[in-house]
Amino acid sequence: MTSRDVARVDVTAFLCLMVILVPFLLITAVFSRITSLEFRSAAGDNATAAARDALQLTIMVRQDVIEVYHATRDGAYRLGRTPGTHELGALAGYLHELKGRFPDSDAATILLEPQVEYDTLVQVMDAVRIRQSRGEGGMEQMVLFPQIALGDAPPAGEAP
């Protein structure tokens with residue numbers, strides 16, 4: 001090769017590969033779906049919310065117990081939080097029973113202690129929003145209380 005000769009690069013094979021690869025990648029790409037939930041503060045106008053909702057459901061999540069308060073019960077329904085127990089299934093079952101008695105109610109307030117883990121909050125919110133059960137056609141979902149308000153739990157021993 002002399003100094004005047006120019007090297008040629010054959011890109012035909014590369015272009016053929018791109019013509020096939022780009023449509024394949026676009027077709028098989030997984031497009032993710034983002035779901036967002038809308039929350040309201042539990043410190044909002046409780047007087048108007050109480051007038052609309054006869055149940056007034058409040059779930060208080062503490063380190064060692066989940067307490068459920070509502071207008072038709074004096075005191076709390078308590079579920080112990082110990083490793084290996086199924087307190088979220090019991091919570092969903094109890095809320096399903098309440099939904100059967102108050103079908104028009106769709107609001108719940110979840111109050112948390114600062115030490116409660118984020119994963120626990122998400123699991124409690126899922127148990128409050130929907131109940132999954134096995135049906136004839138597979139897993140069935142029943143909407144329980146989709147309108148969720150979040151807030152801080154009062155000190156131990158105090159009702160909300």
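Everything discussed here concerns the structure shown above.
Draft legend 1. Seen up close, helix H4 (residues 118-129). For H4, spanning 12 residues, the distance from its first C-alpha to its last is 16 Å, which sits close to the expected 16 Å at 1.5 Å a residue. Those residues of H4 that fall on the buried side of the exposure criterion are Thr120, Leu121, Val124, Met125, Ala127 and Val128. Buried residues of H4, seen end-on, are gathered within an arc of 160° and therefore sit on one face of the element. Structurally, H4 contributes buried residues whose contacts are with strand S2 (57-61), strand S3 (65-69), helix H3 (87-101), strand S5 (107-112), strand S6 (130-135) and strand S8 (147-152).

Draft legend 2. Main features of the pattern of salt bridges. With the rule as written, the count across this model stands at 5 salt bridges. For Glu67, the salt bridge identified is with Arg78, shortest N-O distance 2.9 Å. Of the two residues, Glu67 is situated in strand S3 and Arg78 in strand S4 (residues 77-80); the sequence distance between them amounts to 11 residues. The class for Glu67 is buried, based on a relative accessible area of 4%. Arg129 serves as the salt-bridge partner of Asp126, at 3.4 Å between the closest nitrogen and oxygen. Placement of both Asp126 and Arg129 in helix H4 is noted, with a separation of 3 residues, approximately one turn of the helix. For Asp126, a relative accessible area of 36% translates into the label partly exposed. Among the charged side chains, a salt-bridge network with shared partners connects Arg62, Glu67, Arg78 and Glu113.

Draft legend 3. Region of interest: the packing of aromatic side chains. One pass over the full model with this rule turns up 1 aromatic pair. With 3.8 Å between their ring centres and 10° between their planes, Tyr77 and Tyr94 make a pair best called stacked. One end of the pair, Tyr77, is in strand S4; the other, Tyr94, is in helix H3, with 17 residues separating them in the sequence.

Quick notes on the rules
- Residues numbered from 1 in each chain as written.
- Predicted model: local features only at pLDDT ≥ 70, side-chain atom pairs only at ≥ 80, totals over all residues.
- Heavy atoms only, no water.
- Helix = DSSP H or I, 4+ residues; strand = E, 2+ residues; numbered from the N terminus.
- Expected span 1.5 Å × (residues − 1).
- Buried < 20%, exposed > 50% of the residue type's maximum accessible area, 1.4 Å probe, protein only.
- Arc of directions from axis to C-beta.
- Contact = heavy atoms within 4.5 Å.
- Salt bridge = Lys/Arg side-chain N within 4 Å of Asp/Glu carboxyl O.
- Phe/Tyr/Trp six-rings, centres within 6.5 Å; stacked < 30°, edge-to-face > 60°.

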